[in-house]
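Chain residues, written in single-letter form:
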Amino acid sequence: MTLQLNETHDVLLRSWVPSANQPESDFPIQNLPFAVFRRAGSNQAFRIGVAIGDQILDLAAAHAVHALAGYTELQGGHFTAAVNAPNLNGLMNLGAPVWSALRLALSRVLREGAAQQGTLQACLLAQSAAEFALPAQIGDYTDFYTSIHHATAVGKLFRPDNPLLPNYKWVPIGYHGRASSIGVSGQQFRRPLGQTKPPASDDPVFGPAKRMDYELEIGIFIGSGNALGDHIGIEKAESHVFGLCLLNDWSARDVQAWEYQPLGPFLAKNFASTISPWVVTLEALAPYRRAWTRDAADPQPMAYLESAALRDGGAFDIELEVLLQTEKMRHDGVAPERLSLSNFRHSYWTVSQLVTHHTVNGCNLNPGDLLGSGTQSGPAPEEAGSLLELTEGGKKPLTLSNGEQRIFMEDGDTVIMRGWAQKDGVARVGFGEVAGTLLPART
Ligand code: CA
């Protein structure tokens with residue numbers, strides 16, 4: 001892959017921001033993810049920030065005090081305009097060499113002993129004092145379906161005699177989703193109304209969806225795009241990816257079951273999708289690459305989806321956790337409870353294959369476009385990334401520690417997803433979290 005280990009990954013690096021040096025921090029100096037923020041409750045313009053420990057470095061402010069001087073990639077009007085923008089699209093469009101130079105500059109000025117410490121202190125805001133916006137203006141959103149464990153489990157529920165369709169092992173399956181209803185962590189949304197068909201009835205009924213679910217996904221933010229008619233080859237695919245975030249693709253299963261054939265999901269999926277504020281760069285994740293393998297008994301990828309670099313390290317070892325806090329738990333002061341733990345390394349298709357497949361027909365991707373990985377369920381039943389799977393289609397209720405039960409989501413439920421990569425001898429790289437709350441249907 002194009003991104004090798006370098007001085008920014010050195011596990012011994014420490015920051016002059018003390019909280020970044022705590023071993024459990026999601027945001028040590030080796031991570032440096034990007035978000036869009038402002039002081040909570042203010043009417044300031046949103047701005048680009050970089051996480052360091054429990055603080056946010058204001059990127060425009062750091063640039064204004066010349067803390068990023070001395071790097072040719074970080075000079076000129078385009079860079080200045082990009083870091084002063086209210087979203088990441090401009091920075092995304094500048095391309096991988098700029099992202100990498102910026103990471104190196106940030107790593108150096110945030111290190112212990114950096115001469116810029118004095119001037120940059122004034123460019124910090126505590127994350128607890130901030131509110132976040134979507135990191136980018138998302139022009140287009142595509143959702144894939146890359147966990148074969150999820151596809152098989154869901155397929156069994158929707159089509160017991162034919163769970164995994166024959167195209168699955170050849171084509172990275174996806175559909176075009178809806179960008180307008182994507183929100184940032186903290187999003188609250190109403191239970192959708194829609195058509196559903198009760199099993200015992202020949203005709204559908206209209207009303208609030210009854211089988212509300214979440215989907216545990218990774219979001220992939222496109223950085224630099226491709227012109228309409230061009231394609232992005234597998235060797236170059238990752239250099240077009242700005243970074244990854246957490247994505248909860250809320251789903252109304254009863255609406256989905258009635259509407260999904262023959263054209264796929266529609267209103268079951270487009271009422272809300274929630275992403276984490278922080279976007280973690282692929283460079284930060286370089287120490288957590290894993291060899292990508294395909295079972296010898298399965299069809300091997302077609303040539304345009306195959307490469308030696310992909311086999312060497314095209315997969316990412318990212319732990320993914322789902323937690324639930326019911327309204328009663330919130331009222332009683334009870335912490336969110338884990339529902340499942342999975343890992344992105346189980347994905348049947350990789351980030352690079354998704355980008356290449358999406359553009360192989362000449363479809364153009366733009367800076368800020370978002371690709372969803374699809375629900376990341378692992379091979380074991382308890383690693384499932386949705387309630388549909390955990391409750392076996394609503395047949396097996398989950399019992400929480402406080403005695404409450406869930407088949408699908410109840411009004412007032414908050415679902416929280418967390419992600420992190422961690423192993424001995426390497427700095428932890430965390431994603432923070434994405435939380436969202438289901439409100440009652442409109443009356
Ligand atoms: Ca999905």
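All of these numbers come straight from a predicted model, not from anything done at the bench.

Caption draft 1: Expanded view of the nonpolar core. The biggest cluster of nonpolar side chains holds 60 residues, and the ones touching the most others in it are Tyr214, Leu244, Leu285, Ile318 and Leu339. At the level of elements, helix H6 (148-158), strand S13 (216-222), strand S14 (241-248), strand S20 (319-325), helix H10 (351-359), helix H11 (387-390), strand S25 (414-423) and strand S26 (426-439) are the ones that each hand at least two residues to this core. Aside from chain neighbours lying at most four places away, what touches Leu285 is Leu244, Val280, Phe316, Ile318, Ala421, Val429 and Phe431. Membership of the second largest hydrophobic core comes to 49 residues, among which are Val50, Ala82, Ala101 and Ala114.

Caption draft 2: Quick look at the sheet that holds S26. Spatial strand order, S9-S26-S25-S20-S21: five strands in an open sheet with mixed pairing. Only two strands of the sheet have a single partner each, and these edge strands are strand S9 (187-190) and strand S21 (337-343). Direction aside, the axes of adjacent strands within the sheet are offset by 20° on average. With seven bridges joining them, S20 and S25 adopt antiparallel strand pairing. Among the inter-strand pairings, Glu321 is bridged to a residue of S25, identified as Arg418.

Caption draft 3: Quick look at the pairing of strand S3 (residues 55-58). Because side chains alternate across S3, one face comprises the buried residues Gln55 and Leu57, and the other comprises Ile56 and Asp58, equally buried. Bridge count between strand S2 (residues 47-52) and S3: four bridges; the pairing is antiparallel. Looking at the pairing, Val50 lines up with Leu57 of S3. Where S2 folds back onto S3 in an antiparallel hairpin, the turn is made up of two residues, including Gly53, whose phi is positive at roughly 60°.

Caption draft 4: Spotlight on the coordination of the calcium ion. Taken together, the protein donors to the calcium ion comprise Asp143 (OD), Glu215 (OE), Glu217 (OE) and Asp249 (OD), at separations of 2.2 to 2.3 Å. The motif formed by the donor residues of the calcium ion, counted along the single chain, is D-x71-E-x1-E-x31-D. On the criterion of sequence distance, the pair formed by Asp143 in strand S6 (residues 141-144) and Asp249 in the loop between S14 and strand S15 (251-252) is long-range, its members being 106 residues apart. You'll find Asp143 and Asp249 in the same group, each marked buried.

Caption draft 5: The arrangement of the pattern of salt bridges in detail. Enumeration over the complete set of coordinates arrives at 22 salt bridges. Between Glu392 and Lys396 there is a salt bridge, and its shortest N-O distance comes to 3.5 Å. With a relative accessible area of 39%, Glu392 lands in the partly exposed category. Judged by relative accessible area, Lys396 falls into the partly exposed class, the value being 44%. Salt bridges sharing common partners tie together Asp213, Glu215, Asp249, Arg253 and Lys269.

Caption draft 6: Structural context of the domain arrangement of the chain. Per the domain assignment, the segments of the chain are domain 1 (7-133) and domain 2 (141-439). On a C-alpha basis, the centres of domain 1 and domain 2 stand 28 Å from each other. Counting from both sides, the interface comprises 31 residues of domain 1 and, opposite them, 29 residues of domain 2. Buried area between domain 1 and domain 2, both sides added, is near 2,300 Å², and the carbon and sulfur share of it is 66%. There are one salt bridge connecting domain 1 and domain 2. The salt bridge involving Asp26 is made with Arg428; its shortest N-O contact spans 2.8 Å. The tally of links from domain 1 across to domain 2 stands at 10 residue pairs in polar contact (both at pLDDT 80 or more). Elements with a contribution of two residues or more to the side of domain 1 that touches domain 2: strand S1 (34-39), S2, helix H3 (89-94), helix H4 (96-110) and strand S5 (130-133).

Procedures and definitions
- Residues numbered from 1 in each chain as written.
- Predicted model: local features only at pLDDT ≥ 70, side-chain atom pairs only at ≥ 80, totals over all residues.
- Heavy atoms only, no water.
- Core = buried A, V, L, I, M, F, W, Y, C linked by side-chain atoms within 4.5 Å.
- Buried < 20%, exposed > 50% of the residue type's maximum accessible area, 1.4 Å probe, protein only.
- Helix = DSSP H or I, 4+ residues; strand = E, 2+ residues; numbered from the N terminus.
- Contact = heavy atoms within 4.5 Å.
- Pairing = 2+ DSSP bridges.
- Axes fitted to C-alpha atoms, helices over the stretch in contact; angles between N-to-C directions.
- Donors = N, O, S within 2.8 Å, 3.2 Å for Na, K, Ca; no water.
- Salt bridge = Lys/Arg side-chain N within 4 Å of Asp/Glu carboxyl O.
- Domains from an automatic or database assignment.
- Buried area = accessible area lost by both parts, 1.4 Å probe.
- Polar contact = N/O pair within 3.5 Å; in protein donor to acceptor, adjacent residues only side chain to side chain.

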